[in-house]
Amino acid sequence: MQSVKVMRASEAIGETVINAQGENLGEIADVVLDAESGQIRYVVLSFGGFLGMGDKLFAIPWNSFKYVPDEKIYVLDMDRERLTAAPGFDPAHWPDMEDANWGEEVHEFYGHKPFWQI
């Protein structure tokens, strides 16, 4: 199995995300960086909709994903039903991703502590 220690954000954008059951959960639409620390704040997952219409976006902590380089896919250990209940947003109305309270809620949903609290 190939090991990847660094990669460009542009290589992640557009890649497929599946869950542990092999179900397609969508694709990576964007990567949000923390400009002060250089950390990745969120991977933005595009999920749902049809042919790009009606997609909902989800900001998900980077450490929620496992990258499988041999297949160029990301695995998010979450079933589709739980993902539909996740805090998400419309592509035309992004949340304030600098809002610490919003960020803490997102991280808590995915079972992670925000890096800025560690």
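Residues numbered from 1 in each chain as written. Predicted model: local features only at pLDDT ≥ 70, side-chain atom pairs only at ≥ 80, totals over all residues. Heavy atoms only, no water.

## Some thoughts on the pairing of strand β2 (residues 24–33)
And then number 1: By the bridge criterion, 3 bridges tie strand β1 (residues 16–18) to β2 in an arrangement that is antiparallel. Along β2, the bridge assignment pairs V17 with G26.
And then number 2: Where β1 folds back on β2, the antiparallel hairpin that results is connected by 5 residues, among which G22 adopts a positive phi of roughly 85°.
And then number 3: Sheet analysis places β2 next to strand β3 (residues 40–47), joined by 6 bridges and oriented antiparallel. Bridge pairing in β3 places V31 opposite V43. (Pairing = 2+ DSSP bridges. Helix = DSSP H or I, 4+ residues; strand = E, 2+ residues; numbered from the N terminus.)

## Describing the pattern of salt bridges
And then number 1: Summed over the entire model, instances satisfying the criterion amount to 1 salt bridge.
And then number 2: The partner of D34 in a salt bridge is R41, and the shortest N-O contact between them spans 2.8 Å. Each of the two residues, D34 as well as R41, counts as buried. (Salt bridge = Lys/Arg side-chain N within 4 Å of Asp/Glu carboxyl O. Buried < 20%, exposed > 50% of the residue type's maximum accessible area, 1.4 Å probe, protein only.)

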